[in-house]
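Single-letter residue listing:
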Amino acid sequence: ARACRLRWEPGALCFDLVDADLGHSPGVVSIARSLGLRLVAGASGTTANTLQMAILLGMPDSAVRVLRLAMVAWLVLSNDHSFWEVMLGAETFMEGTWRIANAGSGVPAVCMLDHLLPEPVAVDGIVADPREVWRSVLEELVADEDLWASLGPRQAQHFKCLASSSRGCCTEVQLGAGR
């Protein structure tokens, strides 16, 4: 078979997001900026398609939740999407505490991290414990001095809380102090 070169570029290099009004509401770009959310390429269709296919193939809910975590790791690190865009693409496939819509109005964007892995999940006998996941993330953040320094004090506090308790962290972050 002939080699076929994969033509791929990060979403950040491929898309120019346009802020179109949604009827009587501001556009997605305006909404995201007002919430202090990073935009790269819009809601992740790749995430939505992947989770939909997993569900159609009979993947259990617990595995779909871990698959969303994998989508965040892949698409955010490759600069195809922001964390928020991946979570938005997955939103219709999540329930209860797993949904970002349940974060509540006026809650800082950093609080959406609580909904990525709000409770332990077991897939094929392997348990993903939120505290262990966030401890690992915190170690990586602290190890990269420039990245750690780029976080605001509330974000840094939030990551520390997630690594120690993984629940109720947004009640410990001062919610009224901007995003």
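These notes cover the structure that comes with them. What you see is a predicted model; the values in this text were computed from it and never measured.

A look at helix α6 (residues 130-143)
In an α-helix there are 3.6 residues to a turn, and that puts residues three or four apart on one side. Between its terminal C-alpha atoms α6 stretches 20 Å, which fits the 20 Å expected from 14 residues at 1.5 Å a residue. Three or more residues of α6 are buried, namely Pro130, Trp134, Leu138 and Leu141. Taken end-on, α6 shows its buried residues confined to a sector of 60°, consistent with a single buried face. Projecting away from the buried face of α6 at angles above 90 degrees are the exposed residues Glu139, Glu140 and Ala143.

Topic: the nonpolar core
Core analysis: the biggest nonpolar cluster contains 19 residues, and Phe83 and Trp134 have the highest contact counts within it. If you list the elements that add at least two residues to this core, you get α4 (61-77), α5 (83-90), α6 and α8 (153-164). The element best represented in this core is α5, accounting for four residues. Excluding residues within four positions of it along the chain, Trp134 makes contact with Leu113, Leu116, Leu117, Phe159, Leu162 and Ala163. Val64, Met94, Trp98 and Leu117 belong to the second largest nonpolar core, which has nine residues in total.

Some remarks on unusual backbone geometry
In this structure, Asn79 is a non-glycine residue whose phi angle is positive, near 60°. Relative to the helices and strands, Asn79 is located in the loop between α4 and α5. With a phi close to 50°, Asp124 is a non-glycine residue in the positive phi region. With respect to the helices and strands, the residue Asp124 is situated in the loop between β1 (121-123) and β2 (126-128).

As for the side chain of Arg65
Following the sequence through the fold, Arg65 ends up in helix α4. Not counting residues up to four positions away in its chain, the partners in contact with Arg65 are Met94, Trp98 and Val121.

Cut-offs used in this document
Here, residues in each chain are numbered from 1, in the same order as that chain's written sequence. In keeping with the model being predicted, local features are shown solely for residues with a pLDDT of at least 70 and side-chain atom pairs are shown and tallied solely at 80 or more, while totals for entire chains, interfaces and linings include all residues. Heavy atoms throughout the structure, all of them, feed into the side-chain values; hydrogens and water do not. What counts as a helix is a DSSP run of H or I of at least four residues, what counts as a strand is a run of E of at least two, and both are numbered from the N terminus. Here the expected length of a helix is defined as 1.5 Å per residue gap, with one fewer gap than residues. Exposure is judged per residue with a 1.4 Å probe applied to protein chains only, and the accessible area is read against the type maximum: over 50% gives exposed, under 20% gives buried, and values in between give partly exposed. By arc we mean the arc of the directions from the helix axis to the C-beta atoms, nothing more. Buried residues of nine kinds, namely Ala, Val, Leu, Ile, Met, Phe, Trp, Tyr and Cys, make up a nonpolar core once their side-chain atoms join them within 4.5 Å. Throughout, a contact is declared for two residues whenever any of their heavy atoms are within 4.5 Å.

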